[in-house]
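Coordinates in review
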Amino acid sequence: MRAVQATRSGAADVLELVDAPEPEPAPDEVQIQVRLAGVNFADVNARRGTYAAGAVPGPRGFGLEVLGEVRSVGGGVRRFRTGQRVAGFSSSPGYAEVAVAHQDLVWAVPDDVSDDQAAAFPVVGCTAYHLLRSSARLREGERVLITAAAGGVGTTAIQIARLLGAGLVVGAAGSGERAAAAVKAGADAGIGYSEGSMAEALRAVTGRSSVDVVLDGVGGSVRRAALECLDLFGRLVHFGNASGEPEEFPPARTLRERNVGLLGFHLQALRAHHREVLRDSAAALLEWLGQGALHAHVADVLPLGCAAEAQRLLESRQVRGKLLLAADR
């Protein structure tokens, strides 16, 4: 089969399209003929070696999520059959023509959900859903501020906040153009990081300088500014550090005296230890996708051999929505 691999850490040009052996399913896994694979910033960090210091010897693959058809099943699998269309989190690298996945981390795709929507939802959908419902415990009518709001998680979180009953949704982004894209995705208002004080920019577009919930995957100065926007009993959920700046958090006493909370979210921990939680969110997300109540914003679908280009686009911070790789192209 064809797969994208790298033999060392580095820039996007270390990625190569190679011939690789097909992964065989374990007793509790399904083997998938991949149609589409999602491209995520976690893949970029894995390529850079951010998650593991130094170069990793030997070839390694990339990709966390896939959409395709069940090709074969392990001896302990009872929920899936050959030929069934599924989407979810792969156990083996997803930038490949064939992948395997644990039976609890893939889900049957309803007929009313298209391939690209199903391929785009696992990472951004489950992340956005649990940021709002599980971590922030969003209540009806609360005001939400989302940073990196024009990206895949951001545009999805805007819609899910609406579906969960948020009273006000504001998208923050690195430019006025990207803030406008957040509004197009469904936010009530958009603000740019460069518009001076985030609290004052918030007041200028909403009449108030504070919110109840902040979702932040950027970190650095953006996170510090967003923290200042929390109202009484507000909660900031951090789920990434795309800025690359050192991760700094306010002293416990500052949080205590302001009566605000700082929470963390990591999707990998749910994949590894709480699969039943992801099952429930996947069911809700697929239902919303089928109803047309939720739409995954797909920026582009590139051939598998263009994985390096896809990652460079993601690193440029100019992508609006989700990037996918087509394994059959």
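Here the structure is shown first, and the text comes after it.
Below is a summary of the structure that appears in this document. (Residues numbered from 1 in each chain as written. Predicted model: local features only at pLDDT ≥ 70, side-chain atom pairs only at ≥ 80, totals over all residues. Heavy atoms only, no water.)

1. Thoughts on the overall build of the protein chain
Within the protein chain, the secondary structure is distributed over 10 helices and 16 strands. Relative to the globule expectation of 20 Å for 329 residues, the C-alpha radius of gyration of the protein chain, 20 Å, shows essentially globular dimensions. In the protein chain, which comprises 329 residues, the proportion classed as buried is 52%. When contacts within the protein chain are restricted to residue pairs at least 6 apart in sequence, those whose partners lie at least 24 apart make up 68%. Split by element, the accessible area of the protein chain, about 13,900 Å² in all, is 50% carbon and sulfur. (Helix = DSSP H or I, 4+ residues; strand = E, 2+ residues; numbered from the N terminus. Rg over C-alpha atoms; globule rule 2.2 N^0.38 Å. Buried < 20%, exposed > 50% of the residue type's maximum accessible area, 1.4 Å probe, protein only. Contact = heavy atoms within 4.5 Å. Areas by Shrake-Rupley, 256 points an atom, 1.4 Å probe, with all protein chains shown as cover.)

2. Some details on the sheet that holds strand β2 (residues 16-19)
Reading across the sheet, the 3 strands line up as β2-β1-β4 and stay open at both edges, with antiparallel pairing between neighbours. Each edge of the open sheet is held by one strand with a lone partner, namely β2 and β4 (60-61). As judged from the 2 bridges shared by strand β1 (residues 2-6) and β4, these two strands associate in the antiparallel manner. Looking at the pairing, alanine 6 lines up with arginine 60 of β4. (Pairing = 2+ DSSP bridges.)

3. Regarding empty space enclosed by the protein
In total, this model carries 1 cavity of 30 Å³ or more according to the counting rule given. In this structure, the largest cavity encloses a volume near 30 Å³. Lining the largest cavity we find Gly220, Arg223, Arg224, Pro246, Glu247 and Glu248. The residue makeup of the lining of the largest cavity, split by class, is 1 nonpolar, 1 polar and 4 charged. (1 Å grid on protein atoms, 1.4 Å probe; cavity = no way out; pocket = protein on both sides within 12 Å on 5 of 7 lines; lining within 4 Å. Points joined across faces, edges and corners; volume = space filled by probe spheres on them. Nonpolar A, V, L, I, M, F, W, Y, C, P; charged D, E, K, R; others polar.)

4. Some thoughts on the packing of aromatic side chains
The tally for this structure, following the rule as stated, stands at 4 aromatic pairs. Ring centres of phenylalanine 62 and tyrosine 95 lie 6.4 Å apart, and the angle between their planes is 40°; on these two criteria the pair is classed as tilted. Of this pair, phenylalanine 62 sits in the loop between β4 and β5 (65-73) while tyrosine 95 is found in the loop between β6 (85-89) and β7 (98-102), placing the two residues 33 residues apart along the sequence. Given a relative accessible area of 3%, phenylalanine 62 falls into the buried group. Note on tyrosine 95: relative accessible area 0%, which makes it buried. The interplanar angle of 50° and the centroid separation of 6.2 Å between the aromatic rings of tryptophan 107 and phenylalanine 121 together place this pair among those described as tilted. Taken together, the positions of tryptophan 107 in strand β8 (residues 106-108) and phenylalanine 121 in helix α2 (residues 115-135) put the pair 14 residues apart, joining distant regions of the chain. Given a relative accessible area of 6%, tryptophan 107 falls into the buried group. Taken together, the ring pairs connect Phe89, Trp107 and Phe121 into an aromatic cluster. (Phe/Tyr/Trp six-rings, centres within 6.5 Å; stacked < 30°, edge-to-face > 60°.)

5. Looking at the environment of valine 73
By the element assignment, valine 73 lies in strand β5. The spacing of valine 73 and valine 218 is 145 residues in sequence and 39 Å in space, taken between C-alpha atoms. Apart from the residues within four sequence positions on either side, valine 73 is in contact with Glu29, Val30 and Phe80.

6. Some points on the packing of α2 against helix α3 (residues 152-163)
Axis separation between α2 and α3 bottoms out at 8 Å; the angle between their running directions is 50°. Compared by their axis directions, α2 and α3 come out oblique. Handedness of the α2/α3 crossing: right-handed. In this structure, α2 contributes Val124, Gly125, Thr127, Ala128, Tyr129, Leu131 and Leu132 to the contact, and α3 contributes Gly152, Val153, Thr156, Ala157, Ile160 and Ala161. Residues of the contact of α2 with α3, tallied by class, amount to 9 nonpolar, 4 polar and no charged. (Axes fitted to C-alpha atoms, helices over the stretch in contact; angles between N-to-C directions. Parallel < 35°, antiparallel > 145°, perpendicular 65-115°, else oblique. Left-handed = near helix turned anticlockwise from the far one by under 90°.)

7. Description of the pairing of strand β11 (residues 189-192)
Two strands pair when backbone bridges link them, and strand β10 (residues 168-173) and β11 are joined in this way by 4 bridges, in the parallel orientation. Among the inter-strand pairings, glycine 171 is bridged to a residue of β11, identified as glycine 190. For the handedness criterion, the β-α-β arrangement of β10, helix α4 (residues 176-184) and β11 is classed as right-handed. (Right-handed = clockwise from strand over helix to strand, strands pointing away.)

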